[in-house]
Amino acid sequence: MSEGSAAPVAPPVRRRLSAPDRRRQLVGIGLAKIVETPIQDLSMDDIAGEAGISRGLLFHYFPTKTDFYLACISAAGRRILRTTAPDEALSGAEQVEQATRLMVEQIERRRDFYLALVHGHGVADPRVSEVMDSVREGSTDRVVQALGIEERQRAVVRAWWAYTEDRALTWSAVPTGERPVSLSQLVAECVAALHALLSIRV
């Protein structure tokens, strides 16, 4: 090699992954992309290329594009539950307030993706709604346990979460400087609505 000439660039080393690790890798790549990209615009070739595998191997792990998308949003649902988990060392009321704030902040950060999660993002598959149901069920469990709510009022808490999501989606659609209430006010209103609903006796 002559002096000053560039050394040859070695091709990237492709690492063999176990099937579970490969699936996790692919879902991680897809999850990062579908936050910003509608399912209909998602390129499976790009996913495979980023993972360093062939398109055919990708479809070995996920038979259809919808299967891949569903795996990604299922992972998203689990992530939402992790990132909105309150500190269990707090009192029950404080846990509810913290979980509410974390959910509103999560929706604000990823509003378009959350809308896609709620409305299915153009995928006509009942499993999409099951992901959203799992998030609401997990969030409902937290409130029921934190406040020691009777099982008969569980449906009230679940409906309240839908209300809170809608408030957060509407609030986050408004530019920051033009919002009618602050984040703290919004959280306080949502929490107050929960306690008002739970106080109703029929």
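A short tour of the structure in this document, coming up.

What counts as what
Residues numbered from 1 in each chain as written. Predicted model: local features only at pLDDT ≥ 70, side-chain atom pairs only at ≥ 80, totals over all residues. Heavy atoms only, no water. Helix = DSSP H or I, 4+ residues; strand = E, 2+ residues; numbered from the N terminus. Buried < 20%, exposed > 50% of the residue type's maximum accessible area, 1.4 Å probe, protein only. Contact = heavy atoms within 4.5 Å. Lys, Arg positive; Asp, Glu negative; His and termini not counted. Salt bridge = Lys/Arg side-chain N within 4 Å of Asp/Glu carboxyl O. Polar contact = N/O pair within 3.5 Å; in protein donor to acceptor, adjacent residues only side chain to side chain. Axes fitted to C-alpha atoms, helices over the stretch in contact; angles between N-to-C directions. Parallel < 35°, antiparallel > 145°, perpendicular 65-115°, else oblique. Left-handed = near helix turned anticlockwise from the far one by under 90°. Nonpolar A, V, L, I, M, F, W, Y, C, P; charged D, E, K, R; others polar. Core = buried A, V, L, I, M, F, W, Y, C linked by side-chain atoms within 4.5 Å.

### Concerning the overall build of the protein chain
Part 1: Looking only at helices and strands, one finds nine helices and zero strands in the protein chain.
Part 2: Its helices and strands taken in sequence order, the protein chain reads α-α-α-α-α-α-α-α-α from the N to the C terminus.
Part 3: Expressed as a percentage of its 202 residues, the buried residues of the protein chain come to 40%.
Part 4: Contacts spanning at least 24 positions in sequence make up 65% of the contacts within the protein chain whose residues lie at least 6 apart.

### A look at the environment of A32
Part 1: With respect to the helices and strands, A32 occurs in helix α1 (residues 19-34).
Part 2: Overall, A32 belongs to the exposed group, its relative accessible area being 55%.
Part 3: Taking the C-alpha atoms as reference points, A32 and A76, 44 residues apart in sequence, are found 9.7 Å from one another.

### Describing the side chain of R22
Part 1: Here R22 lies in helix α1.
Part 2: Lacking a salt bridge, the buried R22 has D21 as its closest oppositely charged neighbour, with an N-O distance of 9.1 Å.
Part 3: Here A51 takes part through its backbone oxygen, which lies 3.4 Å from a polar atom of the side chain of R22.

### Points about the packing of α1 against helix α2 (residues 44-51)
How two helices sit against one another is set out by the angle between their axes and by the gap between those axes.
Part 1: Close contact between α1 and α2 brings their axes to 10 Å; oriented N to C, the two are set at 125 degrees. Classed by the angle they form, the pair α1 and α2 counts as oblique. Along this stretch, α1 crosses α2, giving a crossing that reads as right-handed. For the pair α1 and α2, contact is made by R22, Q25, L26, I29, G30 and K33 and by I47, E50 and A51, respectively.
Part 2: Taken together, the residues that form the contact of α1 with α2 break down as four nonpolar, two polar and three charged.

### Some thoughts on the packing of helix α5 (residues 92-109) against helix α8 (residues 154-172)
Part 1: Look at α5 against α8: their axes get within 9 Å of each other, and the N-to-C directions meet at 45 degrees. Between α5 and α8, the angle is such that the two are oblique. Once α5 is placed against α8, the crossing between them reads as right-handed. Seen from α5, the contacting residues are V96, A99, T100, M103, V104, I107 and E108; seen from α8, they are W160, W161, T164, E165, A168, L169, W171 and S172.
Part 2: In terms of residue class, the contact of α5 with α8 is built from ten nonpolar, three polar and two charged.

### What about the environment of E130?
Part 1: Of note, E130 is situated in helix α7 (residues 126-147).
Part 2: Sequence separation between E130 and G77 is 53 residues, and the spatial gap between their C-alpha atoms is 9.8 Å.

### So, the nonpolar core
Part 1: Formed by 54 residues in total, the largest nonpolar core has its most connected members in L26 and I73.
Part 2: Per element, the largest residue contribution to this core is ten residues, and it comes from helix α4 (residues 65-83).
Part 3: Setting aside residues no more than four positions away along its own chain, L26 makes contact with I47, A51, I53, L58, Y61, F62 and F68.

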